[in-house]
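Structural description and commentary
Residues per chain are reported as follows:
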Amino acid sequence: MDPKKILADSRSAMTKAVEFTLHEFAALHTGKASPLMVESLHVEAYGSSMRLKEVAAITTPDARTIAIQPWDKGLLKEIEKAIQTAKLGLNPQIMGDSIRCPVPELSRERRQDLVKVAHTHAEEGRIRVRTARRDANEILKKAKTAGAISEDDLKRSEKDIQTEHDKQIADINKHLAAKEAELLKV
């Protein structure tokens, strides 16, 4: 067991947790249309559940509209249903062989709700970072017990993992503050 490899693995897991959180933040809309708002919705297609981006082209023709062009026109109703049940505040409209979703102006209440959702995503990210730290520390303690690393290596590695943990948590908090300001800006 190489402490440097354990640290590198935990750093990678923590970075992935932060990236996941940022992806979740991107899905929260601020009154501007973004394909990220709908691309991961699940649509019943061909007897299974598929993500919307796998069955349709998603574009934003202007800042207030999301356009969805399914590759199979038979999926229009299923896509419309998926958007309605997702409770995104969007009202999909079938227009010929595509769907248009006007993005409504956000009310103050809706902005507050989105801030709460952002805080939930941030906490999930922090939990993932903490889990990566805990897993790495457990591996290090097992290596110490097995005699693969010394007490000094254990302490040094735990300190390095804690430093990385603190950096990643601060990163999540910084992005949360920016997203919160963006959501509350009228």
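Calculation notes
- Residues numbered from 1 in each chain as written.
- Predicted model: local features only at pLDDT ≥ 70, side-chain atom pairs only at ≥ 80, totals over all residues.
- Heavy atoms only, no water.
- Phe/Tyr/Trp six-rings, centres within 6.5 Å; stacked < 30°, edge-to-face > 60°.
- Lys NZ or Arg CZ within 6 Å of the ring centre and 35° of its normal.
- Pairing = 2+ DSSP bridges.
- Helix = DSSP H or I, 4+ residues; strand = E, 2+ residues; numbered from the N terminus.
- Axes fitted to C-alpha atoms, helices over the stretch in contact; angles between N-to-C directions.
- Contact = heavy atoms within 4.5 Å.
- Expected span 1.5 Å × (residues − 1).
- Buried < 20%, exposed > 50% of the residue type's maximum accessible area, 1.4 Å probe, protein only.

Concerning the packing of aromatic side chains
Counted under the stated rule, the structure contains 0 aromatic pairs. When the ring centre of Phe-20 is taken as reference, the NZ or CZ atom of Arg-128 above it lies at 4.0 Å.

Overview of the sheet that holds strand S5 (residues 93–95)
Pairing in this open sheet of 4 strands is antiparallel, and the strands run S3-S4-S6-S5 from one edge to the other. Every interior strand has two partners, whereas the edge strands, strand S3 (56–62) and S5, have only one. With strand direction ignored, the average angle separating the axes of adjacent strands in the sheet is 30°. Where S3 meets strand S4 (residues 65–70), 5 bridges bridge the pair, whose relative direction is antiparallel. Counterpart to Ala-57 in the pairing with S4 is Gln-69. Of the strands in this sheet, S3, S4, S5 and strand S6 (98–102) touch helix H3 (residues 76–85), which is tilted by about 20° from S6.

A short note on helix H5 (residues 151–184)
Within an α-helix, residues lying three or four positions from one another point in the same direction, as the helix has 3.6 residues per turn. Its 34 residues give H5 an end-to-end C-alpha distance of 49 Å, which sits within 8% of 50 Å, the value for a rise of 1.5 Å per residue. Along H5, the residues that are buried comprise Leu-154, Ser-157, Glu-158, Ile-161, Glu-164, His-165, Gln-168, Ile-169, Ile-172, Leu-176, Lys-179 and Leu-183. Among the structural elements, helix H1 (3–26) and helix H4 (108–145) are those in contact with the buried residues of H5.

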